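# A closer look at the structure
Now for the letters of each chain:
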Amino acid sequence: MTSLSVSLVRGAVTSPFKHPGRPGATLPTDRLTLPAAPAAPGPLAAYRRICGFPAPESGPGSASGSASGSGPLPLTYPHVLAFPLTMRLMTARRFPLPVVGLVHTWIEIVARRPVQSDESLELTLYADELTPHRRGTEVTMVTEARVAGALVWESRSGYLSRHATTAAGSTREADGSPALPAVAEWQLPGDLGRRYGAVSGDRNPIHLHPLTARLFGFPRAIAHGMWTVARCLAEADGQPGEIRSVRADFRAPVLLPATVTYAADPAGNAFALRSESSSGSGTGTGGGRVHLTGAVTRTS
């Protein structure tokens, strides 16, 4: 059994015994590290395919027919590489929130420079803070990637453990900015969560089947937040490695199957993912719903 499988089993076993929102809860201070290693070509190629990133052209010395090729990693991929560390820390006994049912709420990623797919990345992960949320408790996780000791990539992510609370918690205000123009429409199949989970290792039950999703309050399985932001970045990217940072907020789950619209400003620097009808919105009103908003910065 792999270390990730062990973490998944441990998470399933320990989650019922954790009580989010208890007073005085603290985070473990551990900083977990994966030794420096390049991304494995096969899993990287599978990730590019399911998220819509183009396969880079193979160089003169590359193996013929290589699907991973050379060139920069997708901006989101180090987050995926660090997922085993995330699971190990979140399923540790001292981690105060149950990992089963955690919902990804936002992410910020900054690349100090383009990270090449053949570079050896040393990955570090730690839990930074616990904050009250109107729907429960949110934890901020930090991931860092280094090459030869130099920090080249970092991310901060929020994960929500939903539970009854009397805390005020900040309420996210509605986005009052003008609606972005539609760029593309995507049909998302019902098994997208299972397929992305097989590639990323994130097999949270809210993404897998309607039955397991209902256990956590969702009428159907929901798409992974990291798939939605990666798919938007794949659509927004110009030259490989051009996008240097992204901030994305996961505003409403995408219920699978779904028809969603990718929208962006003319420069492709602000983007959104929305439902133009009740499909995927979960409202049944036909009025549509914004699932994801984000913004990127690019190399000058």
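Residues numbered from 1 in each chain as written. Predicted model: local features only at pLDDT ≥ 70, side-chain atom pairs only at ≥ 80, totals over all residues. Heavy atoms only, no water.

Attention now moves to the sheet that holds strand E2 (residues 103-111). On the basis of which strands lie adjacent, the open sheet formed by ten strands has the order E1-E3-E4-E5-E2-E7-E10-E9-E8-E6 and antiparallel pairing. In this open sheet, the two edge strands, each paired with only one partner strand, are strand E1 (32-37) and strand E6 (182-188). Neighbour-to-neighbour, the strand axes of this sheet turn through a mean angle of 20°, independent of strand direction. Relative to strand E5 (residues 150-162), strand E4 (residues 136-147) runs antiparallel, the two being bridged by twelve bridges. (Pairing = 2+ DSSP bridges. Helix = DSSP H or I, 4+ residues; strand = E, 2+ residues; numbered from the N terminus. Axes fitted to C-alpha atoms, helices over the stretch in contact; angles between N-to-C directions.)

Time to look at the environment of valine 115. Position of valine 115 among the secondary structure elements: in the loop between E2 and strand E3 (121-133). A sequence separation of 31 residues divides valine 115 from arginine 146, and the C-alpha atoms of the two residues are 9.7 Å apart. When neighbours within four sequence positions are excluded, valine 115 is seen to be in contact with Gly71, Pro72, Leu73, Leu121, Val152 and Trp153. (Contact = heavy atoms within 4.5 Å.)

Leu44, Ala45, Ala46, Tyr47, Arg48, Ile50 and Cys51 are the residues of helix H2 (residues 41-51) that are buried. On its buried face, H2 sits against helix H3 (77-81), helix H5 (192-200) and helix H7 (225-236). Once H2 ends, the next one or two residues include glycine 52, with phi positive near 90°. (Buried < 20%, exposed > 50% of the residue type's maximum accessible area, 1.4 Å probe, protein only.)

So, on to the pattern of salt bridges. Scanning all chains against the criterion turns up eleven salt bridges. A salt bridge links aspartate 30 to arginine 94; the shortest N-O distance between them is 2.8 Å. Of this pair, aspartate 30 sits in the loop between helix H1 (3-14) and E1 while arginine 94 sits in the loop between helix H4 (83-90) and E2, and the two are 64 residues apart along the sequence. Taking the relative accessible area as the measure of exposure, aspartate 30 reaches 26% and is therefore partly exposed. (Salt bridge = Lys/Arg side-chain N within 4 Å of Asp/Glu carboxyl O.)

The next point concerns the environment of serine 157. Positionally, serine 157 belongs in strand E5. For the pair serine 157 and aspartate 128, spaced 29 residues apart in sequence, the C-alpha to C-alpha distance is 9.8 Å. The residues touching serine 157, leaving out its near neighbours within four places in the chain, are His79, His104, Trp106, Ile107, Val139, Thr140 and Met141. In terms of polar contacts, serine 157 uses its side chain to reach the side chain of histidine 104, at 3.3 Å. (Polar contact = N/O pair within 3.5 Å; in protein donor to acceptor, adjacent residues only side chain to side chain.)

Axis separation between H2 and H5 bottoms out at 9 Å; the angle between their running directions is 155°. By the angle class used here, H2 and H5 are roughly antiparallel. Between H2 and H5 lies a crossing whose hand is left-handed. Residue-level contacts link Pro43, Ala46, Tyr47, Ile50 and Cys51 of H2 to Leu192, Arg195, Tyr196 and Val199 of H5. Residue composition of the contact of H2 with H5, by class: eight nonpolar, no polar and one charged. (Parallel < 35°, antiparallel > 145°, perpendicular 65-115°, else oblique. Left-handed = near helix turned anticlockwise from the far one by under 90°. Nonpolar A, V, L, I, M, F, W, Y, C, P; charged D, E, K, R; others polar.)

Met141 and Phe271 are the most contacted members of the largest nonpolar core, which totals 65 residues. The greatest single-element share of this core, amounting to eight residues, is contributed by H7. With near-sequence residues (within four places) excluded, methionine 141 lies in contact with Leu89, Met90, Phe95, Leu125, Tyr126, Ala127, Ser155, Arg156, Ser157 and Tyr159. In terms of nonpolar packing, the next biggest core, distinct from the first, is built from six residues, Ile206, Ala213, Phe218 and Ile222 among them. (Core = buried A, V, L, I, M, F, W, Y, C linked by side-chain atoms within 4.5 Å.)

On to the confidence of the model for the protein chain. Chain-level statistics for the protein chain give a pLDDT mean of 85 and a share of 81% at 70 or above. Confidence over residues 60-68 falls short of pLDDT 50; this stretch has eleven contacts with residues more than four positions distant or in other chains. This model gives residues 278-287 a pLDDT under 50, and the stretch forms 22 contacts once residues within four places in sequence are excluded. (pLDDT = per-residue confidence, 0-100.)

Two faces belong to every sheet, and in a regular strand the side chains alternate between them. Here strand E8 (residues 258-264) lies mainly inside the structure; six of its seven residues are buried. Examined bridge by bridge, E6 and E8 share six bridges and lie antiparallel to one another. Residue glutamine 187 lies in a different strand from E8, and its bridge partner there is threonine 259. By the bridge criterion, four bridges tie E8 to strand E9 (residues 270-275) in an arrangement that is antiparallel. When the sheet's bridge partners are listed, threonine 261 is paired in E9 with arginine 274. Remark: five residues form the turn of the hairpin made by E8 and E9, two consecutive strands paired antiparallel; glycine 268 in that turn has positive phi of roughly 75°.

Applying the stated criterion across every chain, the model contains four aromatic pairs. Note on tyrosine 47 and tyrosine 77: the rings are 4.9 Å apart at their centroids and 50° apart in plane angle, and the pair reads as tilted. With a gap of 30 residues between them, tyrosine 47 in helix H2 and tyrosine 77 in helix H3 connect regions that are remote in the sequence. Judged on exposure class, the residue tyrosine 47 and its partner tyrosine 77 are both buried. Judged by centre distance (5.5 Å) and plane angle (15°), the rings of tryptophan 186 and tyrosine 262 are stacked. You can see tryptophan 186 sitting in strand E6 and its partner tyrosine 262 sitting in strand E8, a full 76 residues away along the chain. Classification of tryptophan 186 as buried rests on a relative accessible area of 8%. Given the relative accessible area of 3%, tyrosine 262 is considered buried. (Phe/Tyr/Trp six-rings, centres within 6.5 Å; stacked < 30°, edge-to-face > 60°.)

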